[in-house]
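Architecture at a glance
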Amino acid sequence: MGKITREKNRLVFERRDELTVLEAYGKDCIRCRSTKNGKLIDENWTLLAPKEEAVCSIEGDERVATLTNGRISVRVEAGNPWYGGVLTFYRDGAQILHTKFEGEYTGRNVHTEGDHYQIKAIFDANPGEHLYGLGQEQEDFFDRKGCTCNLLHYNTKSAVPVIHSSLGYGFFWNNPAPGRCETTNNHTMWVADSAYQADYLVYVGETPADLLKKYCDLTGYAPHFPEWAAGFWQSRLRYESQDEVLDIAREYKRRGVPLAAIVIDYFHWTEQGEWKFDPKYWPDPEEMCRELKELGVEPVVSIWPTINPHSENYHEMSEANLLVRTENGQYGTFDFYGQQTFIDVTHPKTGPFVWDKVKQHYYDKGIRNFWLDEAEPEVHPQQFANLKFYAGNGAQTAMLYPYYYSKMFYDGLKEAGEEDVILLTRAAWPGTQKFGSLVWNGDIMSTFDALRMSVKTGLSMAMSGIPWWNSDIGGFIGADIESDYFRELVIRWAQFGVFCPVMRLHGSRLRTKNQEERHPGVKERSGGANEIWSFGEENYVILKKLIELRERLRPYICACMEQAEKEGLPIMRPMFLEYCRDEVCYTLEDQYMFGGDILFAPITEQGCTSRKVYLPEGRWQDVNSKELYDGGQWLTCHAPIDTFIAFVKEGCGTAAVFEKL
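Residues numbered from 1 in each chain as written. Predicted model: local features only at pLDDT ≥ 70, side-chain atom pairs only at ≥ 80, totals over all residues. Heavy atoms only, no water.

Notes on the pairing of strand 16 (residues 179-183)
Strand 16 sits mainly inside the fold: four of its five residues count as buried. Relative to strand 17 (residues 188-195), strand 16 runs antiparallel, the two being bridged by five bridges. Considered in strand 17, the bridge of E182 is made with M189. In this structure, the hairpin formed by strand 16 and strand 17 is closed by a connection of four residues. (Buried < 20%, exposed > 50% of the residue type's maximum accessible area, 1.4 Å probe, protein only. Helix = DSSP H or I, 4+ residues; strand = E, 2+ residues; numbered from the N terminus. Pairing = 2+ DSSP bridges.)

Spelled out as structure tokens, the structure:
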């Protein structure tokens, strides 16, 4: 039947084939670990030590016992010989989670190999509950209630296994194995496909902002945001040479358009896994960086973790086990200009080895900012059990890759003396935010559907503890820059980009009929033009004004980013994050607060020039008409193509930014 043992700050439940330990973990938080193996392993993965001392009490006996830690408590029932270890979590005495019997409870799971099992934690569904988080993927849902989410990374998807509930609790699944989360109407179920033990934390707070702060206490806060990064970033697939980069930067300067950064994308290198400029097309990177910085432009360089036997570093790294290996078959895990594998960022010697090359060939020549592409990593097919990392088999550890990839560059830059680090990264895991990861949602389509889904993606990432986020303005794949469809799309997306943590224009545009072939025979040629003057004169005028607005917003953005640094509060905020007592705000999926003063409602449908907007309590000023409206009502707002919909709080200083509209 099992037995409950009371220990200091924790309860231990044990029966045949199950050991479950519940312990206070800092203030208002309880950690649960459960295994079939008879003993727990002390592996925290990316979980940090508690910041505050727990103040808890225990009452009960060997059959039923309750652990209380501040505002959260958990009741354990030993049950009977067929099922036991029933857990019920409470927030201020109100039930928030209750384990559900579906043939098994946590800890009685399907064997995979050795001491590893398919792990499940199953809870009753709560009617009327709203759930947010779980990272990013291209889908039309911000509220995850009623959804199923695969917990794995791929291009356009980052699994961040944390949810925030409208019932006032957060849930962090602390397990880097691929799996899934089902937040459906019949249960909430977390699955790790192959793991030694279940490991999760439940924590409570007064407001959604409290929950985000507690989550950042558990996983880390974003660092100080670089002031320059609040401006406009220019990128495309791809600038083929040093001269091309300088020509674009000079043209922005000539036109008087503020430009904060220009991005040098992939295949500027000699070979995958060599991490240096190809001197044929980039003869003097140091001089290029010098001129860019004179123009006030920060260069950002793409780094890939791919490598193959043609690389000068391959054999040395392979023999030292610094590459991702396979359990079966040869090295290849990604076919891109030949079979590639990936550097093993989980190995403690990989970071120093690669950073030494990066420092020599990039940093010492003036590059301070890096784009960490392929950060999932992108393996095909996704047979995680065939991947062998220093951290363990991929079936148990694969989701850690973006965490250690970001950490590798963060550590190198900090060691080199950099104070402010920002890393444009294509995947995330709990804790990557503390390494300055600016996550974007990958190679999405250039469509209005993708724009609409990107709004929800950004909000989901905000509720997943990732405050630095952006998307490719205009989308990435399939854009005809001469079409009316794309020219409308890029304006609506740029309007959204103004009110994102970072405003970055990027994409693989279709080449135009008479496009100049600047470097015939180059290994990976550029797509179509993607600068703001590339989409017609009318669009240019609109885009220039949007960039000028973004420039005026920079002090406001940096002030909001300090809140992320200190409190875990993102700048891109779901409405309920500011107005948690307004039930309507929990249903709003496509309007949001940009910081505490600005309400933004993007237009995401082709041909649309109006939409409904909900104003919460207070008084709100339309940034276009300057009219004032009382909160607590819906408005129908109009916005022709050169206009966006936004409101500011009455009396706030931020209103002055919009006076020139």
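Looking at the sheet that holds strand 31 (residues 469-470)
Overall, parallel pairing links the eight strands, which are arranged 31-30-29-26-21-20-19-33 in an open sheet. Edge positions in the sheet fall to strand 31 and strand 33 (503-505), since each of these pairs with one other strand and no more. Along the sheet, helix 3 (residues 285-294) makes contact with strand 20 (261-264) and strand 21 (298-303), crossing strand 21 at roughly 135 degrees. (Contact = heavy atoms within 4.5 Å. Axes fitted to C-alpha atoms, helices over the stretch in contact; angles between N-to-C directions.)

A closer look at unusual backbone geometry
The omega torsion across L237 and R238 is -25 degrees, close enough to zero to call that bond cis. Tracing the sequence through the fold places R238 in the loop between strand 19 (232-234) and helix 2 (242-255). The omega torsion across H380 and P381 is -10 degrees, close enough to zero to call that bond cis. Of note, P381 is situated in the loop between strand 26 (369-372) and strand 27 (387-389). Non-glycine residue D28 carries a positive phi angle of around 60 degrees. Structurally, D28 is set in the loop between strand 3 (18-24) and strand 4 (29-35). Relative accessible area serves as the criterion here: at 5%, D28 is assigned to the buried category. Not every positive phi belongs to a glycine, and F267 is a case in point at roughly 60 degrees.

Regarding the pairing of strand 5 (residues 56-60)
With five bridges connecting them, strand 5 and strand 6 (residues 64-69) associate as antiparallel partners. Bridge pairing in strand 6 places G60 opposite A65. The antiparallel hairpin formed by strand 5 and strand 6 contains three residues in its connecting segment.

Considering the packing of aromatic side chains
All told, the structure shown has 58 aromatic pairs when counted by the stated rule. Seen from their ring centres, F123 and Y200 are 5.8 Å apart, and the 85 degrees between their planes marks the pair as edge-to-face. Taken together, the residues span a long stretch of sequence, with F123 in strand 11 (residues 116-123) and Y200 in strand 18 (residues 197-204) at a distance of 77 residues. We note that F123, like Y200, is buried. Taking 5.3 Å as the distance between ring centres and 55 degrees as the angle between the ring planes, the aromatic pair formed by Y614 and W634 counts as tilted. Of this pair, Y614 sits in strand 38 (residues 610-615) while W634 sits in strand 41 (residues 633-638), and the two are 20 residues apart along the sequence. For the cation-ring pair, R255 lies above Y540, with the distance from its terminal atom to the ring centre recorded as 4.8 Å. The ring of F353 is capped by K357, whose NZ or CZ atom sits 5.1 Å from the centre of that ring. (Phe/Tyr/Trp six-rings, centres within 6.5 Å; stacked < 30°, edge-to-face > 60°. Lys NZ or Arg CZ within 6 Å of the ring centre and 35° of its normal.)

Topic: helix 5 (residues 350-361)
The terminal C-alpha atoms of helix 5, which comprises 12 residues, lie 17 Å apart, in line with the 16 Å expected from a rise of 1.5 Å per residue. Each element contacted by the buried residues of helix 5 is listed here: strand 21, helix 4 (314-319), strand 26 and helix 7 (401-415). (Expected span 1.5 Å × (residues − 1).)

A look at the packing of helix 2 against helix 3
Look at helix 2 against helix 3: their axes get within 11 Å of each other, and the N-to-C directions meet at 5 degrees. Classed by the angle they form, the pair helix 2 and helix 3 counts as roughly parallel. Across from Q242, V245, L246, A249 and R250 in helix 2, the residues of helix 3 making contact are P285, M288, E291 and L292. For the contact of helix 2 with helix 3, a count of residues per class yields six nonpolar, one polar and two charged. (Parallel < 35°, antiparallel > 145°, perpendicular 65-115°, else oblique. Nonpolar A, V, L, I, M, F, W, Y, C, P; charged D, E, K, R; others polar.)

Examining the nonpolar core
One finds F370 and F499 to be the most contacted residues of the largest nonpolar core, which totals 175 residues. When residues in this core are grouped by element, the largest group, 12 residues, is from helix 10 (residues 537-567). If sequence neighbours within four positions are ignored, F370 has contacts with V300, V301, I303, W355, V358, Y362, F409, L413, I422, L423 and L424. Counting 39 residues, the second-largest nonpolar core is a separate cluster that includes I72, L87, L134 and C181. (Core = buried A, V, L, I, M, F, W, Y, C linked by side-chain atoms within 4.5 Å.)

Remarks on the confidence of the model for the protein
The share of residues in the protein with pLDDT of 70 or more is 98%, and the mean pLDDT across the chain is 96. Model confidence for the protein, summarised as mean pLDDT per element, is weakest for strand 10 (residues 110-113) at 83 and strongest for strand 19 at 99. (pLDDT = per-residue confidence, 0-100.)

Re the sheet that holds strand 23 (residues 325-326)
Spatially, 23-27-28 is the arrangement adopted by the three strands of the open sheet, whose pairing is antiparallel. The outermost strands of the open sheet, each flanked by one partner alone, are strand 23 and strand 28 (392-393). Pairing of strand 23 with strand 27 involves two bridges; the strand directions are antiparallel. Following the sheet pairing, T326 is matched in strand 27 by L387.

Remarks on the environment of G135
Among the secondary structure elements, G135 is positioned in the loop between strand 12 (131-133) and strand 13 (147-151). For G135, a relative accessible area of 0% corresponds to the buried category. In the structure, G135 is positioned 24 residues away from A159 in sequence and 5.0 Å away in space, judged by C-alpha atoms. What G135 contacts, discounting residues up to four positions off in sequence, is R144, S158, V160, S460, M461 and S464.

Side note on the side chain of R492
Inspection of the secondary structure assignment puts R492 in helix 9 (residues 484-498). Although R492 lies buried, it forms no salt bridge, and the closest oppositely charged side chain, E488, sits 5.1 Å away as judged by the N-O distance. Here Q495 takes part through its side chain, which lies 3.1 Å from a polar atom of the side chain of R492. Look past the residues within four positions of R492 in its chain and what remains in contact with it is F448, L451, I603, C608, T609, A639, P640, I641 and T643. (Lys, Arg positive; Asp, Glu negative; His and termini not counted. Salt bridge = Lys/Arg side-chain N within 4 Å of Asp/Glu carboxyl O. Polar contact = N/O pair within 3.5 Å; in protein donor to acceptor, adjacent residues only side chain to side chain.)

Topic: helix 8 (residues 448-462)
Residue pairs three or four apart in sequence face the same way in an α-helix, which turns once every 3.6 residues. Under the 1.5 Å per step criterion, the end-to-end length of helix 8 is 22 Å for 15 residues, consistent within 8% with the ideal 21 Å. The element helix 8 is extensively covered by neighbouring structure, given that 14 of its 15 residues are classed as buried.

Structural notes on the pattern of salt bridges
Following the criterion strictly, the structure yields 52 salt bridges and no others. For the salt bridge of E312 with K276, the shortest nitrogen-to-oxygen distance reads 3.1 Å. In this pair, E312 sits in the loop between strand 22 (306-307) and helix 4 while K276 sits in the loop between strand 20 and helix 3, placing the two residues 36 residues apart along the sequence. A residue is classified by how much of its surface remains accessible, and E312, at 47% relative accessible area, is partly exposed. As a salt-bridge pair, K566 and E562 come within 4.0 Å of each other at their nearest N and O atoms. Of the two residues, K566 and E562 are both situated in helix 10; the distance of four residues between them amounts to about one turn of the helix. On the basis of relative accessibility, which here comes to 55%, the residue K566 falls in the exposed class.

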